[in-house]
Amino acid sequence: MTKYEIQVSEDKNSLAQAASDLIAQIVESTLKIKNKAKIALCGGSTPKAAYSLLGKKNIDWMNVDLFLGDERWVDNESQDSNCFLLNNSLFKEGNPSLQASFFSVSTVELASPEESAKDYEKILKNNLDGDPPKFDLILLGLGDDGHTASLFPGSDALFERDSLITVGEGKGHKRITFTSKLLSSADNVVFLVSGSAKQTALKRLLDESESWERTPAKLVSPNSEIIVLADKDAYPSS
């Protein structure tokens, strides 16, 4: 049974601060015992403020490898791209974080989303240890429909158990996404959840009786306790 540790922040700003602090802490702890820290990041509006804060932190960025847990099959310059989001938050000019190695997803320059998925899986296997490859941290969002990464309710991607990367579809886009197998292999998994629209999805995530078919985020089941960083709007006390 998956266990969750809930940490509630007062508002979006304090949530962003808590998230950036936690990511930096995990990176620093990892680099005490490993040469490299391997981190997978998520897209979405909630983490953007956290990335802006994180990028300014003076950690050992030269030994941090950054990946994306999912990406829309659009040009990396598109505003719908998670790569675009990172370039406008984490990787702003002058940030120490520019010293990190970032492994973006090749998208429309390849023939199809399926080719993109195969290409990214090769990149992961070449740059991470373990079978399946093991991340030191995977940061995830939670959609109001219960999706995480690009594992959407009703999607064939939910049933992919062999591959590390697959093709998902949701909200009008084909997407390249980590599978539940890969998401569950990380040493640390952190969900970042903000806003009252996420209340129902968060309640379902934490409900032991909830099905993964309705709330695909339930598929993420690492050996370690999952940390959920939420603001008060997403996780009311009453």
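I will try to describe carefully the structure that is included in this document. In this text the structure is predicted, and so the values were computed from the model without any measurement. (Residues numbered from 1 in each chain as written. Predicted model: local features only at pLDDT ≥ 70, side-chain atom pairs only at ≥ 80, totals over all residues. Heavy atoms only, no water.)

Overview of the pairing of strand E2 (residues 37–41)
Burial within E2 is extensive, with 5 of its 5 residues counted as buried. Here E2 shows a buried face lined by Ala37, Ile39 and Leu41 and a second buried face lined by Lys38 and Ala40. As paired strands, E2 and strand E3 (residues 64–68) are joined by 5 bridges and run parallel to one another. Along E3, the bridge assignment pairs Ala37 with Val64. Chirality of the crossover, the property in question, places the unit of E2, helix H2 (residues 45–54) and E3 among those that are right-handed. Two strands pair when backbone bridges link them, and E2 and strand E6 (residues 137–141) are joined in this way by 2 bridges, in the parallel orientation. Bridging across to E6, Ala40 finds its partner in Ile138. (Buried < 20%, exposed > 50% of the residue type's maximum accessible area, 1.4 Å probe, protein only. Helix = DSSP H or I, 4+ residues; strand = E, 2+ residues; numbered from the N terminus. Pairing = 2+ DSSP bridges. Right-handed = clockwise from strand over helix to strand, strands pointing away.)

A word on the sheet that holds strand E4 (residues 70–72)
In space, the 3 strands of this open sheet follow the order E4-E8-E7, with antiparallel pairing throughout. Two strands close off the open sheet at either side, each with one partner strand: E4 and strand E7 (165–170). The sheet shows a mean angle of 25 degrees between the axes of neighbouring strands, taken without regard to direction. When E7 meets strand E8 (residues 173–178), the two strands line up antiparallel, connected through 6 bridges. Directly across from Val167, in E8, lies its bridge partner Ile176. (Axes fitted to C-alpha atoms, helices over the stretch in contact; angles between N-to-C directions.)

So, the side chain of Thr179
With respect to the element layout, Thr179 can be found in the loop between E8 and helix H5 (180–183). Residue classification places Thr179 among the buried positions, given a relative accessible area of 0%. Residue contacts for Thr179: discarding those within four places in its chain leaves Leu151, Glu160, Ser163, Leu164, Ile165 and Thr166. (Contact = heavy atoms within 4.5 Å.)

So, the pattern of salt bridges
If charged atoms from side chains of opposite charge come close, those side chains can pair. The tally for this structure, following the rule as stated, stands at 11 salt bridges. Asp65 is the salt-bridge partner of Lys36, the closest N and O atoms lying 3.8 Å from each other. With a gap of 29 residues between them, Lys36 in the loop between helix H1 (12–31) and E2 and Asp65 in strand E3 connect regions that are remote in the sequence. Lys36 gets classed as partly exposed once you look at its relative accessible area, which sits at 30%. We classify Asp65 as buried; its relative accessible area is 4%. A salt bridge links Glu169 to Lys174, with the shortest nitrogen-to-oxygen separation between them at 3.6 Å. Here Glu169 falls in the partly exposed class, since its relative accessible area comes to 47%. Note on Lys174: relative accessible area 38%, which makes it partly exposed. Put simply, Lys34, Lys134, Asp136 and Asp187 are held in one network by salt bridges that share partners. (Salt bridge = Lys/Arg side-chain N within 4 Å of Asp/Glu carboxyl O.)

Side note on the packing of aromatic side chains
All chains considered together, the criterion is met by 5 aromatic pairs. Between Phe67 and Phe103, the aromatic rings sit 4.7 Å apart at their centres with planes inclined by 5 degrees, giving stacked as the arrangement. You can see Phe67 sitting in strand E3 and its partner Phe103 sitting in strand E5 (residues 101–103), a full 36 residues away along the chain. Take Phe67 and Phe103: they sit in the same class, and that class is buried. Taken together, a centroid distance of 5.4 Å and an interplanar angle of 80 degrees make the contact between Phe67 and Phe135 edge-to-face. Separated by 68 residues along the polypeptide, Phe67 in strand E3 and Phe135 in the loop between helix H4 (113–127) and E6 bring together distant segments of the chain. The pair formed by Phe67 and Phe135 is uniform in burial state, with each residue classed as buried. Taken together, the ring pairs connect Phe67, Phe103, Phe135 and Phe178 into an aromatic cluster. (Phe/Tyr/Trp six-rings, centres within 6.5 Å; stacked < 30°, edge-to-face > 60°.)

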